[in-house]
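# Results of the structural survey
One-letter residues, chain by chain:
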Amino acid sequence: MMKFMIPVLILALIFSLSYSKTISILIGGSLDGWKEIADDFYKQTGIKVDVVQGPPSTDGREIMYSISLLTKTKGFDIVYLDVVWLGKFASASWLTPISNFVDPLKYFKENNLAESSFLASLYKDTFYTVPIKADAGVLYYRKDLLEKYGYNVPQTWEELKNIALKIKEEERKQGNIIEGFVFQGKQYEGLVCDFYEVLRGMGYELIGQEKGKFVVKIKEDELEKVLQFFRSLIEEGVSPQSVVNYEEEESRIVFQQGKAVFARNWPYAIKMLVEDENMKDKFGVSVLPGKNPTLGGWALAVSKYSPNQQEAWIFIDFVVKNGLKTLFLKRGDIPTKIDLFQDPEITQKLPYYDVIMESIDFSKPRTIHPLYPRISNIIQIYVSGVLAGKIKPKEAAKKMINEIQKIISL
């Protein structure tokens, strides 16, 4: 592991104020990578990091952090948060602004962090988090089938739908039972990511700000077109009815089994496809149609209630400068540091890294709002309802806009 040499003056501060102190952080599932970073940090600083193993469920960890922060007690010194938690956590004043420690923009640029990732750390003109893990939706496609029928990778969602349907029909004539396009259609957060990608890929935006206030940007007829597109995928036979039950893994498995022409998913599936002897030479990865992938990822922040804020920040800085490569090699976490994509040890183990970089560059976060969970729930209900044929796109568009407008007006 490449050592991060902490400047002498900072070392003096650490040992004079912090020696033998312990700070804590909650991580979901496996602690691979984080334990190694914590051990290395302790050897260099004398500060112990208690890496607590939390539930694998993102919602479960959000609840644990929220309960800890609501009590306004020490809890966890460092918060490891999903990008969509920012509005809730920052509006509740649970996080310490990055400006308490460094000049945020100068710090992000000096450490060569992806602009799309660090802009997602901004809430009401204040930076609260440091992006650690990058993620963005990508398009998986059957390279062999596109070449067989003479198609290029689709650049718009309508192109994808048309190509998917034509290849599906031709393949089925030859006895190959295959679907056109699979994605995350279940009523959960993954569907919201897919929804934003289609909506923005068609040139629309759901929520924006005007004069410091949140407003619904899309019109009813525009949203109806987006929802009609989702419904048409099933009505026209592009996607199977069962897609309404698909999360990431269901989508991956169908594609990896050779049963879909296209799939929307996150970059994590690349490794599994490359290691599959039956698929490694048959698939390709591209930026999504419309070039508006949803930004995913995780970031680190200092808890406002931590009595060890300087030590917590020094650990975050250590992770940025010394830990991102470890997190990739041990966990597969895509780094937010752009220069790491020039590291042969990373690029050799990350096929299509250029596509991932491009997707991250184009990516946009979901709406950053203190009541985002409620906004997300509304999106889930109506997009899922349209996919399942329980509500017409026109009616869903009207109700969706009205209900979101009520939430953001609170």
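Parameters and conventions
Residue numbers here run from 1 along each chain, matching the order of that chain's written sequence. In keeping with the predicted nature of the model, local features appear solely for residues at pLDDT of at least 70, side-chain atom pairs appear and are counted solely at 80 or more, and the whole-chain, interface and lining totals rest on all residues. With hydrogens and water excluded, all non-hydrogen atoms of the structure serve as input to the side-chain values. For two strands to be treated as a pair, DSSP must find no fewer than two bridges joining them. Counting from the N terminus, the helices are DSSP H or I runs at least four residues long and the strands are E runs at least two residues long. The convention used is that axes are lines fitted to C-alpha atoms, helices contributing only their stretch in contact, and that angles between N-to-C directions extend from 0 to 180 degrees. We call two residues in contact whenever any of their non-hydrogen atoms come within 4.5 Å of each other. The cut-offs for exposure are 20% and 50% of the maximum accessible area for each residue type, with area from a 1.4 Å probe on protein chains only; residues under the lower value are buried, those over the upper are exposed, and the others partly exposed. Along the arc lie the directions from the helix axis toward the C-beta atoms. The length a helix should cover is 1.5 Å for every residue beyond the first. One fitted axis covers the seven residues ending at a residue, a second covers the seven starting there, and the bend at that residue is the angle between these axes. Confidence of the predictor in every single residue is expressed as pLDDT, which spans 0 to 100. Should a side-chain nitrogen of Lys or Arg be within 4 Å of a carboxyl oxygen of Asp or Glu, the pair is scored as a salt bridge.

### Description of the sheet that holds strand 8 (residues 138–142)
Each strand in a sheet pairs with its neighbour through backbone hydrogen bonds, running either in the same direction (parallel) or in the opposite one (antiparallel). Judged by pairing direction, the sheet is mixed, and its four strands sit side by side in the order 9-12-8-13 without closing on themselves. Every other strand in the sheet has two partners, leaving strand 9 (179–182) and strand 13 (283–286) as the edge strands with one partner each. In this sheet, neighbouring strand axes are inclined to one another by 15° on average, regardless of whether the strands run parallel or antiparallel. Bridging between strand 8 and strand 12 (residues 260–265) involves four bridges; their strand directions are antiparallel. Bridged to Tyr 141 within strand 12 is Phe 262. Running at roughly 145° to strand 9, helix 8 (residues 157–173) makes contact with strand 8, strand 9 and strand 12 of the sheet.

### Thoughts on helix 15 (residues 353–362)
Of all the residues in helix 15, the buried ones are Val 355, Ile 356, Ser 359 and Ile 360. Down the axis of helix 15, the smallest arc covering the buried residues is 135°, so these residues share one side. Buried-residue contacts for helix 15 involve helix 6 (115–119), strand 7 (130–136), strand 8, helix 12 (269–274), strand 13 and strand 15 (334–335).

### Observations regarding the environment of Phe 181
As for its position among the elements, Phe 181 is in strand 9. Setting aside anything within four residues of it in sequence, one finds Phe 181 in contact with Leu 139, Trp 157, Leu 160, Ala 164, Leu 233, Val 238, Ser 239, Pro 240, Phe 262, Ala 263 and Arg 264.

### A few points about helix 13 (residues 309–331)
Compared with an ideal rise of 1.5 Å per residue, which puts 23 residues at 33 Å, helix 13 spans 27 Å between its outermost C-alpha atoms and falls more than 12% short. The largest bend in helix 13 comes to about 65°, at Gly 323.

### Quick word on the confidence of the model for the protein
Segments scoring low in pLDDT should not have their predicted coordinates read at a detailed level. In the predicted model, the protein carries a mean pLDDT of 93, and 95% of its residues have values of at least 70. In the model, residues 1–5 has pLDDT below 50 throughout and makes 14 contacts with residues more than four positions away in sequence or in other chains. Under a pLDDT of 50 for its full length, residues 14–18 has, in the predicted model, 12 contacts with residues more than four places off or in other chains.

### Considerations on the pattern of salt bridges
Within the structure shown, the criterion is met by 27 salt bridges. With its nearest N and O atoms 2.8 Å apart, the salt bridge here joins Glu 197 to Arg 264. Here the residue Glu 197 occupies a position in helix 9 (residues 189–201), and Arg 264 occupies one in strand 12, the gap between them amounting to 67 residues. Arg 264 shares its class with Glu 197; the two are buried. Salt-bridge contacts for Glu 345 lead to Lys 325; the nearest nitrogen and oxygen are separated by 2.8 Å. With Glu 345 in helix 14 (residues 344–347) and Lys 325 in helix 13, this pair connects stretches of sequence that are 20 residues apart. Since its relative accessible area comes to 24%, Lys 325 is described here as partly exposed.

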